[in-house]
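Below, each chain spelled out in residue letters.
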Amino acid sequence: MAVFDDEPRKAAAGHQIGQDLSTLSLHELDERIAALKDEIKRMEEAKERKAASMSAASAFFKK
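Everything numeric here is computed off the predicted structure, so don't read it as measured data. Within each chain, residues carry numbers counting from 1 in the order of the written sequence. Given that the model is predicted, a residue must reach a pLDDT of at least 70 before its local features are reported, and side-chain atom pairs must reach 80 or more before they are shown or counted; all residues, however, enter totals for whole chains, interfaces and linings. Remark: hydrogens and water are excluded; side-chain values derive from all non-hydrogen atoms of the structure.

J.: Can you lay out the overall build of the protein for me, pointing to particular residues and giving the numbers?
T.: Helix numbers and strand numbers start at the N terminus; a helix is a DSSP run of H or I with at least 4 residues, a strand a run of E with at least 2. When helices and strands are counted, the protein shows one helix and zero strands. Only protein chains enter the accessibility calculation, which uses a 1.4 Å probe; a residue is then buried when its area is under 20% of its type maximum, exposed when over 50%, and partly exposed in between. Within the protein, the fraction of its 63 residues that count as buried is 3%.

J.: I'd love a proper account of the packing of aromatic side chains, names of residues and values included.
T.: Note on ring pairs: Phe, Tyr and Trp rings are taken, using the six-membered ring of Trp, and paired if centres are within 6.5 Å. Classes follow the plane angle, with under 30 degrees stacked, over 60 edge-to-face and the rest tilted. Following the criterion strictly, the structure yields one aromatic pair and no others. Each ring, one from Phe60 and one from Phe61, has its centre 5.0 Å from the other, and the planes form 85 degrees; the classification is edge-to-face. Phe60 sits in the exposed class, given a relative accessible area of 60%. For Phe61, a relative accessible area of 66% translates into the label exposed.

J.: Give a detailed account of the pattern of salt bridges, specifying residues and quantitative values.
T.: Salt-bridge detection follows one rule: a side-chain nitrogen of Lys or Arg within 4 Å of a carboxyl oxygen of Asp or Glu. The tally for this structure, following the rule as stated, stands at one salt bridge. Between Arg42 and Glu39 there is a salt bridge, with its nearest N and O atoms 2.7 Å apart. In this pair, Arg42 and Glu39 both sit in helix 1 (residues 26-62), three residues apart, roughly one turn of the helix.

J.: Can you explain the side chain of Arg32? Please cite residues and give values.
T.: The charge count includes Lys and Arg as positive and Asp and Glu as negative, but it does not include His or the ends of the chains. At 5.8 Å, Glu28 is the nearest oppositely charged side chain to Arg32, a buried residue that forms no salt bridge. A polar atom in the side chain of Arg32 sits 3.4 Å from the side chain of His15. Two N or O atoms form a polar contact when they lie within 3.5 Å of each other; inside protein one atom must be a possible hydrogen donor and the other a possible acceptor, and for residues adjacent in sequence the pair counts only when both atoms belong to side chains.

J.: Talk me through the environment of Gly14; I want residue IDs and the actual numbers.
T.: Tracing the sequence through the fold places Gly14 in the segment before helix 1. Since its relative accessible area comes to 36%, Gly14 is described here as partly exposed. Residues in contact with Gly14, not counting those within four places in the same chain, are Gln19 and Arg32. Residues are treated as being in contact if the distance between any of their heavy atoms lies within 4.5 Å.

Encoded structure:
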């Protein structure tokens, strides 16, 4: 199968921890940093919800 410059590139599968970064452009690095920051925020919010739930359950069962 021939590959032509005008064919759209397949979207990257996302970032994998430890992958080689030397082949990425500055723009691609910026995009991945933004995506990882968004994911960190999402994980921190999930952690806060779980902590609040655990605290509420602990308070309920201590009575």
